[in-house]
Amino acid sequence: MTIQHVRVAGTSYQRGLQYGQQAADRVRRSVQAYQRTFEHFAGWDWATVRREAARFEAPVQAFRPAYVEELRGIADGAGLDLTDVLAINVRTEVMYAAQARHAAQARHAAQARHAPAGKKRLPSECSAFARVPAPGEAGPALIGQNWDWLLHSAQTIVVLEARQDDGPDFVTVVEAGLLAKAGMNAAGLGLATNAMVTDADVGDPGLPYHVLLRAVLDCATVTDALQALQGGPRSSSANYLIAHASGSALDIEAAPGDFTRLYPLYPENGVILHTNHFLAPRIHPADLSLWAMPSSQVRLQRLQAAHQANDARTLDDFRVVLADHADYPHSVCAHPEPAAHPCEQGQTIASLLMDLTAGQLWLAAGNPCQVPYEQLTVKL
């Protein structure tokens, strides 16, 4: 699999335009793929998706007007309408709200002792780690993850490298047309992430997940990132694993809503490990991960077992963990489940390893059990 490297610079609109022009085929392919995906999971045609997506423009505009300009540039560059690009940037809000609805239906059916409707299962999602040195301890600040998602995203993924006039330069590995996913920036901040879902994920307009990922990559410190996640009501549950070259690290579990639904977790012996369920002991909405993404529990167990056995301290140590096949195909290194519906099949699309101290990023464009990591040439 070849991943296109997109390099952009200038104002928000100029960067978006360059992004859309350079990755036009992949952006349009992403829109086409999500038309099928949204129909399968939410039962919505594209006109409905566009109408729902348009409701998110105002919250994003109020939060960071520059992001709307960038999205507008992406749309113009790819020959699409703004609402088409906005729709793929709120794909989490569409799909996980559908999962929350399906979970509620299954629960009601169980209480009524009726046979539940056929379950539409999202693919396994991401497995992430960070390791930072204690004060006075030598060693690099490391962060990374396997990004697991639907098979079509292997044909839309890009490396986006941005030189900004209004924030730190950054690099992110992301589906074409989206503002950001995992990555790092010139200020020494790195980001890994996990999707999550609760019964509060109902798709209400607010700040979308992928907009907030971009907001984190625009931050200079972990504290700045925590403040950015409080910039307005969040629409979706998600986990934001954030580390910094200086040695700071914080895992922020977020449910939809305001700052009262942020749940910070801290490194244990310098390490944070996370998959797709909440680890905070008490959260206000109900965590639906056992129902929606049951592989999350086993993947976290494997991350923990590897760390306890080997005291992972280097990227080579974590490279072995990210290629683990226990509980295959629902493993840390995820592979398609042959029996699943084509719209529900997923796998590890990319694996990222970042040394924030050295400002270096390695990427495996596919399953790390099969594809070697290559160091990206980036100028941050």
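See above for the structure.
Let me sum up the structure you'll find in this document.

A closer look at the overall build of the protein chain
So, point 1. A count of helices and strands for the protein chain gives 12 helices and 14 strands.
So, point 2. With the C-alpha coordinates aligned to their principal axes, the bounding extent of the protein chain is approximately 55 × 50 × 40 Å.
So, point 3. Here the protein chain holds 380 residues, and the buried ones make up 60% of them.
So, point 4. The contacts of the protein chain with a sequence gap of at least 6 include a subset with a gap of at least 24, amounting to 66%.

Side note on the sheet that holds strand β8 (residues 238-244)
So, point 1. The eight strands are arranged β1-β4-β5-β6-β7-β8-β9-β10 in an open sheet whose pairing can be described as mixed. Of all the strands in the sheet, just β1 (4-10) and β10 (262-265) have a single pairing partner and so form its edges. Averaged over all pairs of adjacent strands, the angle between their axes in this sheet comes to 20°, without regard to strand direction.
So, point 2. As defined by bridge partners, strand β5 (residues 170-175) adjoins strand β6 (residues 182-185) across four bridges and the pair is classed as antiparallel. Opposite Thr-172, over in β6, you have Gly-183 as the bridge partner.
So, point 3. Taken strand by strand, helix α8 (residues 209-217) contacts β4 (157-164), β5, β6, β7 (189-195) and β8, and its axis lies near 165° from that of β7.

Details of the pattern of salt bridges
So, point 1. This structure, assessed with the given rule, holds 19 salt bridges.
So, point 2. A salt bridge links Glu-70 to Arg-15; its shortest N-O distance comes to 3.5 Å. In this pair, Glu-70 sits in helix α5 (residues 65-78) while Arg-15 sits in helix α1 (residues 12-22), placing the two residues 55 residues apart along the sequence.
So, point 3. By relative accessible area, Arg-15 is classed as buried at 2%.

Some words on the packing of helix α2 (residues 24-42) against α5
So, point 1. Closest axis-to-axis distance for the α2/α5 pair is 9 Å, and the angle between their directions is 100°. Between α2 and α5, the crossing angle belongs to the class labelled roughly perpendicular. Residues Ala-24, Val-27 and Arg-28 of α2 touch α5, and the partners they reach there are Ile-74, Gly-77 and Ala-78.
So, point 2. Grouping the constituent residues of the contact of α2 with α5 by class yields four nonpolar, one polar and one charged.

Brief notes about the nonpolar core
Generally speaking, a soluble globular protein has its nonpolar side chains buried in company with each other.
So, point 1. Counting 102 residues, the largest nonpolar core has Tyr-19, Met-95, Trp-149, Tyr-240, Ile-242 and Leu-363 as its most contacted members.
So, point 2. Those residues in contact with Met-95 that sit more than four places away from it in its chain are Tyr-34, Thr-37, Phe-38, Phe-41, Leu-122, Trp-149 and Leu-150.
So, point 3. Judged by nonpolar contacts, the second largest core, of 17 residues, contains Leu-303, Leu-315, Phe-318 and Trp-362.

Considerations on the side chain of Glu-161
So, point 1. Among the secondary structure elements, Glu-161 is positioned in strand β4.
So, point 2. At 2.8 Å, the side chain of Glu-161 and the backbone nitrogen of Lys-379 are in polar contact.

Some remarks on unusual backbone geometry
So, point 1. Cis rather than trans, the peptide bond between Tyr-328 and Pro-329 has omega equal to 5°.
So, point 2. Tracing the backbone through its elements, the reader meets Pro-329 in the loop between α12 (315-322) and β12 (346-355).
So, point 3. In the Ramachandran plot, Asn-269 falls in the positive-phi region, its phi being about 55° despite a non-glycine side chain.
So, point 4. On the secondary structure map, Asn-269 appears in the loop between β10 and β11 (271-274).

Here's the deal with the packing of α1 against α5
So, point 1. Look at α1 against α5: their axes get within 6 Å of each other, and the N-to-C directions meet at 30°. The angle between the axes of α1 and α5 places the two elements in the roughly parallel class. Classified by chirality, the crossing of α5 by α1 is right-handed. Where α1 approaches α5, its residues Ser-12, Tyr-13, Arg-15, Gly-16, Leu-17, Tyr-19, Gly-20 and Gln-21 are matched on the opposing element by Ala-66, Glu-69, Glu-70, Arg-72, Gly-73, Ile-74, Asp-76, Gly-77 and Ala-78.
So, point 2. Residues that form the contact of α1 with α5 fall into these classes: six nonpolar, six polar and five charged.

Some thoughts on the environment of Gln-227
So, point 1. Topologically, Gln-227 is positioned in helix α9 (residues 222-228).
So, point 2. Along the sequence, Gln-227 and Ala-9 sit 218 residues apart, while their C-alpha atoms lie 26 Å from each other.

Reading the values: rules and limits
- Residues numbered from 1 in each chain as written.
- Predicted model: local features only at pLDDT ≥ 70, side-chain atom pairs only at ≥ 80, totals over all residues.
- Heavy atoms only, no water.
- Helix = DSSP H or I, 4+ residues; strand = E, 2+ residues; numbered from the N terminus.
- Buried < 20%, exposed > 50% of the residue type's maximum accessible area, 1.4 Å probe, protein only.
- Contact = heavy atoms within 4.5 Å.
- Pairing = 2+ DSSP bridges.
- Axes fitted to C-alpha atoms, helices over the stretch in contact; angles between N-to-C directions.
- Salt bridge = Lys/Arg side-chain N within 4 Å of Asp/Glu carboxyl O.
- Parallel < 35°, antiparallel > 145°, perpendicular 65-115°, else oblique.
- Nonpolar A, V, L, I, M, F, W, Y, C, P; charged D, E, K, R; others polar.
- Core = buried A, V, L, I, M, F, W, Y, C linked by side-chain atoms within 4.5 Å.
- Polar contact = N/O pair within 3.5 Å; in protein donor to acceptor, adjacent residues only side chain to side chain.
- Left-handed = near helix turned anticlockwise from the far one by under 90°.

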